[in-house]
Amino acid sequence: MSETPQKRLYIKTYGCQMNVYDSERMADVLRPLGYGIVDEPEGADLVVLNTCHIREKATEKVYSELGYIKQMKTRKAQAGGTMTIAVAGCVAQAEGKEIMHRQPAVDLVVGPQAYHQLPELIARAHRATGERLSADFAADEKFDALPAERQVNGVTAFLTVQEGCDKFCTFCVVPYTRGGEWSRPPEQIEDEAKRLADQGVREVTLLGQNVNAYDGGGYTLARLVRRLARIPGLDRIRYTTSHPRDMGDDLIAAHAELPELMPYLHLPVQAGSDKILKAMNRDHTAESYVRLIEKIRAGRPDIAMSGDFIVGFPGERDGDFEKTLELVREVGFASAFSFKYSRRPGTPASAMPGQVDEAVKAERLDRLNALLDEQQKAFNALQVGKVMPVLFEKKGRNPGQIVGRSPYLQAVHAVGSEDLLGQIVPVRIESSAKMSLGGVLDSHAIPEPA
Ligand code: 5AD
Ligand code: SF4
């Protein structure tokens, strides 16, 4: 595509799906400059670490990776070459200047709203002049500046529709790293979705830190989903991550009515004790969450629920934690993510009394995970004997095997021709494990309405 000789670009992505989307877009921004993606950092011309700041562990990983990358940069310099190191994402936003101090090998730092400026920042870093830090909040500028063309690999794609968060949960850094809530205009999203469909994408996951708070000038998320569902070829729509308090009636209705909207909902609850939910500033109770799920299930009884949980939030006693287990038993989750509370500097919870001992957090996490694992296995086992529409995405590890996703986001393995990649095919499920299902193609069966 470009006349420029191919330069090697290595991008490592940490954290959430929005970072996965952003990394793809960074590659899109850099492609016209002659950068092509490589799988290994050794010898690369440009290394980008797209970072996550959500928990301490995620942040520390970045610094240790930078240590390795620095050695590669030194090796390349000794061989007469150059390597540019860029730190992008939420650590860049939150700790910009500090990164440069802690690891002087870093050439530039670019926040999540400024990566469209990467070409310019790289040029500046090469001239070793000017500002090396770019980390302001201006999401609209970014989307206007991104190239319309996206390189897609595969039949599923992420599409960012909303960024930022105004909820200020007391444990969370997102409002500080990603800024306030901001939604892309529906026309721009539709345009990107149509291009994706033209490139063979069948399933799109709409991304936002608070995606169900989407507000595109009179467009709610439900209305946006209905508009996108009309795009020919786009058969499956998902969205993540949502907040219980933004789960509007029109979105609940869309789950009941729209076959394109997949029956899977990631709706973090974080904890089951009202005392803890209040201290977290979640603005919902355990009871209101459970009632909400009942309402969603009234219209879409088979919906697979997913959630996020935090154990060991400051002030969490044994009795509070038991309430989290109770809530999990009452709701029943098909999948979930659970974390030990991590104290993030600058967030209100980090200064709260009653910080919980690490050993207690670890023990609670084990107990919660045991219950969630059990529920996930049970949910998967329920599918055995059913015929499900599976969107096949790629070849499997074993010869002749192909892998796809069920409507409930389970990985499904089957023996089948590679010609089926990109197609939605009925599969009779024969086996289940914690992370996946196995089945046989059922060409005579009629796919269930998704
Ligand atoms: N400690 C532990 N988990 C956290 N999360 C966000 N902030 C923290 C923190 N300080 C979790 C929440 C959120 C998910 C993306 O990460 O469960 O939903
Ligand atoms: Fe963080 Fe809460 Fe916003 Fe989610 S809703 S991004 S947990 S502040």
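Cut-off values and rules
- Residues numbered from 1 in each chain as written.
- Chains lettered and ligands numbered in written order.
- Predicted model: local features only at pLDDT ≥ 70, side-chain atom pairs only at ≥ 80, totals over all residues.
- Heavy atoms only, no water.
- Domains from an automatic or database assignment.
- Salt bridge = Lys/Arg side-chain N within 4 Å of Asp/Glu carboxyl O.
- Helix = DSSP H or I, 4+ residues; strand = E, 2+ residues; numbered from the N terminus.
- Buried < 20%, exposed > 50% of the residue type's maximum accessible area, 1.4 Å probe, protein only.
- Contact = heavy atoms within 4.5 Å.
- Near = heavy atom within 4 Å.
- Nonpolar A, V, L, I, M, F, W, Y, C, P; charged D, E, K, R; others polar.

Observations concerning the domain arrangement of the protein
Quite often, the size of an interface is put as the accessible area lost when its parts meet. When the domains of the protein are assigned, the result is domain 1 (7-140), domain 2 (152-262), domain 3 (263-382) and domain 4 (387-441). Taking the mean C-alpha position of each, domain 1 and domain 4 sit 36 Å from one another.

Notes on the pattern of salt bridges
Proximity of charged atoms lets side chains of opposite charge pair with each other. Taken as a whole and judged by the stated rule, the model has 36 salt bridges. With its nearest N and O atoms 3.5 Å apart, the salt bridge here joins Glu60 to Arg102. With Glu60 in helix 2 (residues 56-78) and Arg102 in helix 3 (residues 90-102), the pair connects residues that are 42 residues apart, well separated along the chain. Note that Arg364 is salt-bridged to Glu316, the shortest N-O span being 2.9 Å. Taken together, the residues span a long stretch of sequence, with Arg364 in helix 13 (residues 358-381) and Glu316 in the loop between strand 13 (304-311) and helix 12 (318-331) at a distance of 48 residues. On the basis of relative accessible area, Arg364 is assigned to the buried category, the value being 3%.

Considerations on the environment of Gly439
You can see Gly439 is positioned in strand 19 (residues 436-441). The class for Gly439 is buried, based on a relative accessible area of 13%. Not counting residues up to four positions away in its chain, the partners in contact with Gly439 are His413, Ala414, Val415, Val427, Arg428, Ile429 and Glu430.

Digging into the site of ligand 2
In the vicinity of ligand 2, the residues found are Cys165, Lys167, Phe168, Cys169, Phe171, Cys172, Val174, Pro175, Asn210, His243 and Arg282. Class assignment for the residues of the shell around ligand 2 results in 7 nonpolar, 2 polar and 2 charged.

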